[in-house]
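Here is how the chains run, residue by residue.
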Amino acid sequence: MRRLSRRDFLATSSVALGSLPLIRSTAFAQTADAVFRHGVASGDPLADRVILWTRVTPKDPAAAVTVSWQVARDARFSRVVSRGEAQTGAARDFTVKVDVTGLEPGTTYYYRFESLSGRSAIGRTRTLPRDGVSRLRLGVVSCSNLPQGYFNAYACLARRADLDAVLHLGDYIYEYPNKRYGDGTALGRIPAPDKEIVALQDYRDRHAQYKADPDSQEVHRQHPFIVVWDDHEFGNNAWSGGAENHDPDEGEGDWGARRAAATQAYYEWMPIREDAQTRQARIYRAFRFGGLATLLMLDTRIVGRDEQALREDTAAIELPGRHLLGPEQEGWLAEQMVTSVRGKAGWNLLGQQVMFAPQTATGARAGNPDSWDGYRASRSRVFDMIERAKVANVAVLTGDVHSSWAYDLPRDPFGAYDSRTGKGSLGVEFAGTSVSSPSNLGAGPDGEAQLAALLAARPHLHYVDGRYRGYFVLDLTRERLQADFYRVATILDRSTEEKFERGFVTASGANHLVPAAIPAPSATAPDPAP
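Residues numbered from 1 in each chain as written. Predicted model: local features only at pLDDT ≥ 70, side-chain atom pairs only at ≥ 80, totals over all residues. Heavy atoms only, no water.

1. What to know about the overall build of the protein
Move 1: Looking only at helices and strands, the protein has eleven helices and 22 strands in total.
Move 2: Its C-alpha atoms give the protein a radius of gyration of 22 Å, near enough to 24 Å, the size a compact globule of 530 residues would have.
Move 3: Principal-axis analysis of the C-alpha atoms places the extent of the protein at approximately 65 × 55 × 50 Å.
Move 4: Taken over 530 residues, the protein has a buried fraction of 62%.
Move 5: Counted over contacts in the protein with a minimum sequence separation of 6, partners at least 24 positions apart contribute 72%.
Move 6: Element-wise, carbon and sulfur atoms account for 50% of the exposed surface of the protein, whose accessible area totals about 19700 Å².
Move 7: Each charge class in the protein can be summarised by its mean position, and for the 63 positive and 65 negative side chains these summaries are 6 Å apart. (Helix = DSSP H or I, 4+ residues; strand = E, 2+ residues; numbered from the N terminus. Rg over C-alpha atoms; globule rule 2.2 N^0.38 Å. Buried < 20%, exposed > 50% of the residue type's maximum accessible area, 1.4 Å probe, protein only. Contact = heavy atoms within 4.5 Å. Areas by Shrake-Rupley, 256 points an atom, 1.4 Å probe, with all protein chains shown as cover. Lys, Arg positive; Asp, Glu negative; His and termini not counted. Charge placed at Lys NZ, Arg CZ, Asp CG, Glu CD.)

2. Some remarks on helix 9 (residues 327-342)
Along an α-helix, residues three or four apart share an orientation, since each turn contains 3.6 residues.
Move 1: Over its 16 residues, helix 9 runs 23 Å from end to end, which matches the ideal 22 Å to within 8%, given 1.5 Å per residue.
Move 2: Residues of helix 9 that are buried include every one of Gln329, Glu330, Trp332, Leu333, Gln336, Met337 and Ser340, and no others. Projected onto a plane normal to the axis of helix 9, the buried residues spread over an arc of 160° and lie on a single side. Seen from the open side of helix 9, the exposed residues pointing more than 90 degrees away from its buried face are Pro327, Glu328, Glu335 and Arg342.
Move 3: The inward-facing, buried residues of helix 9 abut strand 12 (285-289), strand 13 (293-297), strand 14 (347-352) and helix 10 (376-389).
Move 4: Once helix 9 finishes, Lys344 follows within two positions and takes phi at roughly 60°, a positive value. (Expected span 1.5 Å × (residues − 1). Arc of directions from axis to C-beta.)

3. Some remarks on unusual backbone geometry
For residues that are not glycine, phi is negative in most cases, and the peptide bond is trans in most cases.
Move 1: Residue Pro193 is bonded to the preceding Ala192 through a cis peptide linkage, with omega at -10°.
Move 2: By the element assignment, Pro193 lies in the loop between strand 10 (165-168) and helix 5 (200-212).
Move 3: In this structure, Asp93 takes a positive phi of about 60° despite not being glycine.
Move 4: In this fold, Asp93 is placed in the loop between strand 4 (80-88) and strand 5 (95-100).
Move 5: Residue classification places Asp93 among the buried positions, given a relative accessible area of 8%.

4. Quick look at the pattern of salt bridges
Side-chain pairing between opposite charges can occur once the charged atoms of the two side chains come close.
Move 1: Throughout the structure, instances matching the rule amount to 38 salt bridges.
Move 2: A salt bridge links Glu387 to Arg411, with the nearest nitrogen and oxygen atoms 3.1 Å apart. Of the two residues, Glu387 sits in helix 10 while Arg411 sits in the loop between strand 16 (404-410) and strand 17 (425-431), which places them 24 residues apart along the sequence.
Move 3: Put simply, Arg135, Arg137, Asp162, Asp475 and Arg480 are held in one network by salt bridges that share partners. (Salt bridge = Lys/Arg side-chain N within 4 Å of Asp/Glu carboxyl O.)

5. Some points on the sheet that holds strand 12
Move 1: As summarised here, the arrangement of the seven strands in space is 12-13-14-15-17-16-18, forming an open sheet in which the pairing is mixed. The open sheet terminates on both sides in strands that have one partner only, identified here as strand 12 and strand 18 (461-465). Geometrically, the sheet is characterised by an average inter-axis angle of 20° between neighbouring strands, direction not taken into account.
Move 2: Relative to strand 13, strand 12 runs antiparallel, the two being bridged by five bridges. Counterpart to Ala286 in the pairing with strand 13 is Leu296.
Move 3: Strands strand 12, strand 13 and strand 14 of the sheet are contacted by helix 9, whose axis makes an angle of about 15° with strand 12.
Move 4: Sitting on the sheet, helix 11 (residues 447-457) touches strand 16 and strand 18, and the angle it makes with strand 18 is about 160°. (Pairing = 2+ DSSP bridges. Axes fitted to C-alpha atoms, helices over the stretch in contact; angles between N-to-C directions.)

6. Focus: the packing of helix 5 against helix 7 (residues 255-269)
Move 1: Between helix 5 and helix 7, whose axes approach to 8 Å, the crossing angle comes to 35°. At the point where helix 5 passes helix 7, the crossing takes the right-handed sense. Residues Leu200, Tyr203, Arg204, His207, Ala208 and Lys211 of helix 5 touch helix 7, and the partners they reach there are Arg258, Ala261, Ala262, Gln264, Ala265, Tyr266, Glu268 and Trp269.
Move 2: Considering only residue class, the contact of helix 5 with helix 7 consists of eight nonpolar, two polar and four charged. (Left-handed = near helix turned anticlockwise from the far one by under 90°. Nonpolar A, V, L, I, M, F, W, Y, C, P; charged D, E, K, R; others polar.)

7. Re the sheet that holds strand 2 (residues 50-55)
Move 1: Spatially, the ten strands line up as an open sheet ordered 5-2-1-11-10-9-19-20-21-22, and their pairing is mixed. Two strands in the sheet have a free side with no partner beyond their single neighbour: strand 5 and strand 22 (514-516). This sheet shows a mean twist of 30° between the axes of neighbouring strands, independent of strand direction.
Move 2: In the sheet, strand 21 (residues 498-507) pairs with strand 22 via three bridges, with the strands oriented antiparallel.

8. Description of the environment of Asp215
Move 1: Structurally, Asp215 can be placed in helix 6 (residues 214-222).
Move 2: Taking the relative accessible area as the measure of exposure, Asp215 reaches 6% and is therefore buried.
Move 3: Along the chain, Asp215 and Arg126 lie 89 residues apart, while their C-alpha atoms are 20 Å from each other.

9. Some details on the side chain of Gln353
Move 1: Relative to the helices and strands, Gln353 is located in the loop between strand 14 and helix 10.
Move 2: Of note is the side chain of Gln353, whose polar atom sits 2.7 Å from the side chain of Thr300.
Move 3: Non-local contacts of Gln353, meaning those with residues more than four positions away in its chain, are made with Leu169, Val228, Trp229, Asp230, Leu298, Asp299, Thr300, Arg301, Thr398, Gly399 and Asp400. (Polar contact = N/O pair within 3.5 Å; in protein donor to acceptor, adjacent residues only side chain to side chain.)

10. Examining the packing of helix 9 against helix 10
Move 1: Packing of helix 9 against helix 10 brings their axes to within 9 Å, and their N-to-C directions diverge by 25°. The angle between helix 9 and helix 10 falls in the class roughly parallel. Seen from above, helix 9 lies across helix 10 with right-handed handedness. Contacts between helix 9 and helix 10 involve Glu330, Leu333, Ala334, Met337, Val338 and Val341 on the former and, on the latter, Ser378, Arg381, Val382, Met385, Ile386 and Ala389.
Move 2: Of the residues belonging to the contact of helix 9 with helix 10, the class tally is nine nonpolar, one polar and two charged. (Parallel < 35°, antiparallel > 145°, perpendicular 65-115°, else oblique.)

See the structure below:
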């Protein structure tokens, strides 16, 4: 395959950018404030409330700090609808999180913080609609690895003013030292601290470094986030009782202590709602976008996962009692599916971390034992839930794999399934490429043959490509769901150049993907945060 030149890239980018409501990035200006140097963020929107987040940097590290906040209907704050104060200090690393209630559904708001004679950047957020919603647009990202390159996918998403929210499907940070998984020396992006992080202050410092990135700040400033963790917020290939790269004999201590430290830092530094359950690492939760869609965010990594089996150990992989979600989360998911059907949700979205679609046939070795293919009984139980509750229009949204994939979801793609019509499929799946983490899938002189072989071996697979970094946009109406994959031009320079790569549509009731020649049109957008 001929390498795409910068001239070619720009020439083919007009379809992606021609009608896009763009926001001029002011991210570099937002990092200058000495008090609010980690920016602002919002997340976990509901119809009447949303989480607002920031972090203050005091001169006295032992001080208790009061932070005031305001929420308004306009960016000039002439129509303030809510205000208050919050306290923070060293016990929560000077982060601030406010659950602002009493808001109107389906409404855009602007917010800011003040403390220590400083004022934060202005953020923009949006509540979920309660009813009457006809369209929904979500940005979807995962796997942002700081030393590998710049977060240009974030910069591009920040410019899309018409998104209702951004989903981050895990690997928001990476735990490695420099040169373990990317060398950030040339770009000035050496991980801090420069070691594998295992203790609470280590995880706090790493989160702080990622939040200091200007493109991260800008995408958080412009959009509410709905997030879930994957393994690298803890340790590579983590499961409930350990991780592939956690070794007490190497001085990394007790896994339970490391897991607790990573969990605490995550809740301190991310715009996610906290309660007694979430402090116990219960991160799965539901979001309802009126009658149009229900989004169920799952934890396939920490709360209930059994240890990964060897790829060849099919007996272990197919044990009936083997869990990826855990019994409690499985019970919750079954209840939520029934609730969604009773609520007549048009679409049912599962936001989660690892590839759901069958990669190999039952009885064969697992395609990837860290994915659902290594937990086949767990996947079968989810298919059972879908069939038992008669859940329509299921779309699984996936991160983790650093490459783009689009699947139909039959129980047995190698048997009772018609790839031409989608007969036998119970849903669809979209896995997005990474923000900056690398992939060799499709690269090199044999890359095209590798991708063609995957498509030939998996009849339910419609698209796969690991040769670019970027994100995808999910666009939903009552009649159809469309996923549009976007490629950023580079991660070695700061850039907002991007192009539409591929798009796929599934009609309501079809559970089958067909190609889309052009991306879904942009929607009417509220004013961006200035």
